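What follows is each chain in one-letter form.
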Amino acid sequence: MAEEGSKWVVMVTGRSPTNIAVIKYWGKRDEGLILPINDSISLTLDPLHLSATTTVAVSPSFSRDRMWLNGKEIPLSGERYQKCLREIRKRANEVSDEKQGIKIKKEDWERLHVHISSYNNFPTAAGLASSAAGFACLVFTLAKLMNVKEDLGEISSIARQGSGSACRSLYGGFVKWAMGNNADGSDSLAIQLADETHWTDLVIIIAVVSSKQKETSSTSGMRETVQTSALINHRAETVVPARVLKMEEAIQNRDFASFAKLACTDSNQFHAVCLDTSPPIFYMNDTSHRIINLVEKWNHSEGTPQVAYTFDAGPNAVLISPNRKTAALLLQRLLFQFPPNQDTDLSSFVVGDKSILQDAGVTSMKDIETLEPPTECKDKVPYQRFTGDVSYFICTRVGSGPKVLTDETLALLDPITGLPK
Ligand code: ADE
């Protein structure tokens, strides 16, 4: 290794996606190791729209491990961060940086410190699984910096110890988190079911629903469910194992009708076990329920599922359509029922892949005002429009797994000082 006094900094920048479960993870059998009571299945979302970017740097001039999240320094003392750092450091290998003429020996990693800077390209507190993208990115990027040779499955089981669902963000496309059987958690890891090129027609629209009240965190919610719900055992032991097999088959066959039925039913059962918890946990709100009604009515009137919905531990709706045409029809319905507040501009109300707006025939705020009620509701009592109840929509798709970013201008740490840019 180059001399201690020298000023070299070696760094790597990575980007990891977030994911949305369509067969839900709810309940741990080991809280310390984050081992779940059932398998879960997710779709990885396009990192262009929802991802964490993390730069990790090492230098002999760093006196301790430090981390910045969205520009603000945060403590790394939490057990979850410490576990991820420890498990990756354990697997570190020799690294050569030919450009700078630096060699870091395997044993050097034990005493070298790291700086970490991470940034989410979507609101961190909006209930959009930022910790899944964040821990996946942290572990993936540290593993690259330290030349860790283990496969992505093993890396995913380290990310799992940061945030359970983070393990599913180590792969693109369609991913299963196998609950595993080993007491040490070594077989509780992510498995890619199909990559992002397998089912490219799917379009995902996320309705970010304004929530005033603070929700129960997933960690305490799950604990309370496991301790008090009688339904959760039936779900974990009987319902999910059968549903996981059917979901794998639906994904393999690109069978949207089956996929949608399973995803909606599983989301509803997850919220049912939350209600079965004592005291009951409410993650969805009136807007979430109105979105479910909108989709259920539409699906029923067409006789076959047009859209799938799924809700995590919060009020936001994740809506999955089989193709762009259906996504455009969905967006028309959503914009009709949940128009923006006055003075909102369209470009901040519908973000991500905005091309769906054109397909929906909506190019101005005026177009939203003049949308017609959907046909399946024409005969019903007067229409209510719930202005401002959805903060904004994100249009996205199934995307790829973590990647190293080689463009040095995207690094979040200064290559000379190792401090945030
Ligand atoms: N929690 C939320 N976002 C995160 C990120 N980008 N990195 C680490 N932890 C996070």
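Model, not experiment: these values are computed from the prediction.

S.K.: Give me the sheet that holds strand 16 (residues 317-321): which residues, what numbers.
M.R.: One open sheet accounts for 5 strands, arranged 15-16-14-18-17; its pairing is mixed. Looking along the sheet, the strands with just one partner apiece sit at the ends: strand 15 (308-310) and strand 17 (350-352). With direction set aside, neighbouring strand axes in the sheet form an average angle of 25°. The pairing of strand 14 (residues 203-209) with strand 16 spans 5 bridges and is classified as antiparallel. Within strand 16, the residue paired with A207 across the bridge is A317. The strands that helix 6 (residues 256-275) touches are strand 15 and strand 16; relative to strand 15, the one it contacts most, it runs at about 25°.

S.K.: Go over the site of the ligand with me, naming the residues and quoting the values.
M.R.: Close to the ligand lie A52, M67, L69, Y81, S118, N120, T124, S130, S131 and G134. A distance of 2.7 Å separates a nitrogen atom of the ligand from a polar side-chain atom of S118. Coverage of the ligand by the protein amounts to 93% of the 260 Å² it exposes when considered alone. Contributions of two or more residues to the shell around the ligand are made by strand 7 (66-69), strand 11 (113-120) and helix 2 (130-145). It is helix 2 that contributes the most residues to the shell around the ligand, 3 residues altogether.

Definitions and cut-offs
- Residues numbered from 1 in each chain as written.
- Predicted model: local features only at pLDDT ≥ 70, side-chain atom pairs only at ≥ 80, totals over all residues.
- Heavy atoms only, no water.
- Pairing = 2+ DSSP bridges.
- Helix = DSSP H or I, 4+ residues; strand = E, 2+ residues; numbered from the N terminus.
- Axes fitted to C-alpha atoms, helices over the stretch in contact; angles between N-to-C directions.
- Contact = heavy atoms within 4.5 Å.
- Near = heavy atom within 4 Å.
- Polar contact = N/O pair within 3.5 Å; in protein donor to acceptor, adjacent residues only side chain to side chain.
- Areas by Shrake-Rupley, 256 points an atom, 1.4 Å probe, with all protein chains shown as cover.

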